[in-house]
Amino acid sequence: MSDDAYRGREQTLIKHFVLKHYVETAAVITGSSWSAFTYVDGFAGIWRSRKEDGQDSSPVIVLKSLLDVQSILRRRGKELTLKCVFVEKDRKAFARLQQCVAPYRDRVEVLTLNKGLEEAIDSITRFASPGFTLSFIDPTGWTGLGLLKIQPLLRLTGEVLINFMYDHINRFIHSDHGLGWDDLFGGDGWKNTLFVETRAA
């Protein structure tokens, strides 16, 4: 993961490194106790991948990592059913997403949804297998994510990783111009519990 595909995208390299190893570790550990593992990517669009087959994109990195884990567990006599949900609202990014995940559909049950995360919750929860679900939510900025609206996803047995770009939130955190902070943080109590350092102008 350290080739020229990430030149100028070092923050993406770090994110993909963390995601790959987190997914692998979670799947190996839970695969010892559960028979099914579902991965959910709430903002899966393949935007800046420099490889035609998406090898430097999070959906493909996760699919390859899960197949590696499945092979490891099989050698241990454990069969792990794999499911992945990739959600992307933008049509152009979704079309590329479809192309990049197509080679893996014969080995992983893949659901792709061309809609926003909040609108996809019902489909996700119906698709997820009884077992362990790892959800990764990495929005651009903070839009498209309301904690109250995605509660059914948070209630699935498993873990949810939410990644926010600090600068995107910190720039407008003190604004009251309808930017949806209460929805994002699940209510109006966040002002008393969340400390955000305001950078000097």
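Residues numbered from 1 in each chain as written. Predicted model: local features only at pLDDT ≥ 70, side-chain atom pairs only at ≥ 80, totals over all residues. Heavy atoms only, no water.

Visitor: I tried to follow the pairing of strand β1 (residues 36-41) on my own but got confused; where do I start?
Guide: Walk down a regular strand and you will see the side chains alternate between the two sheet faces. Burial analysis of β1 places six of its six residues in the buried class, the great majority of the element. Along β1, one buried face is formed by Ala36, Thr38 and Val40 and the opposite face, lined by Phe37, Tyr39 and Asp41, is buried too. Both β1 and strand β2 (residues 81-87) contribute to a ladder of six bridges, which runs parallel. Residue pairing in the sheet places Val40 in a bridge with Val85 of β2. (Buried < 20%, exposed > 50% of the residue type's maximum accessible area, 1.4 Å probe, protein only. Helix = DSSP H or I, 4+ residues; strand = E, 2+ residues; numbered from the N terminus. Pairing = 2+ DSSP bridges.)

Visitor: I would appreciate a short explanation of the pairing of strand β4 (residues 132-137) in the present structure.
Guide: Among the six residues that make up β4, six are buried, leaving the element largely enclosed by the rest of the structure. The alternating pattern of β4 places Phe132, Leu134 and Phe136 and Thr133, Ser135 and Ile137 on opposite faces, both of which are buried. Strand direction decides the pairing type here: β1 and β4, joined by five bridges, are parallel. Looking at β4, one finds that Tyr39 is bridged to Leu134. Bridge count for β4 against strand β5 (residues 158-162) is five bridges, and the pairing is parallel. Residue pairing for β5: Leu134 is matched across the bridge by Glu159.

Bear in mind that shape data such as this cannot, by itself, settle questions of function.
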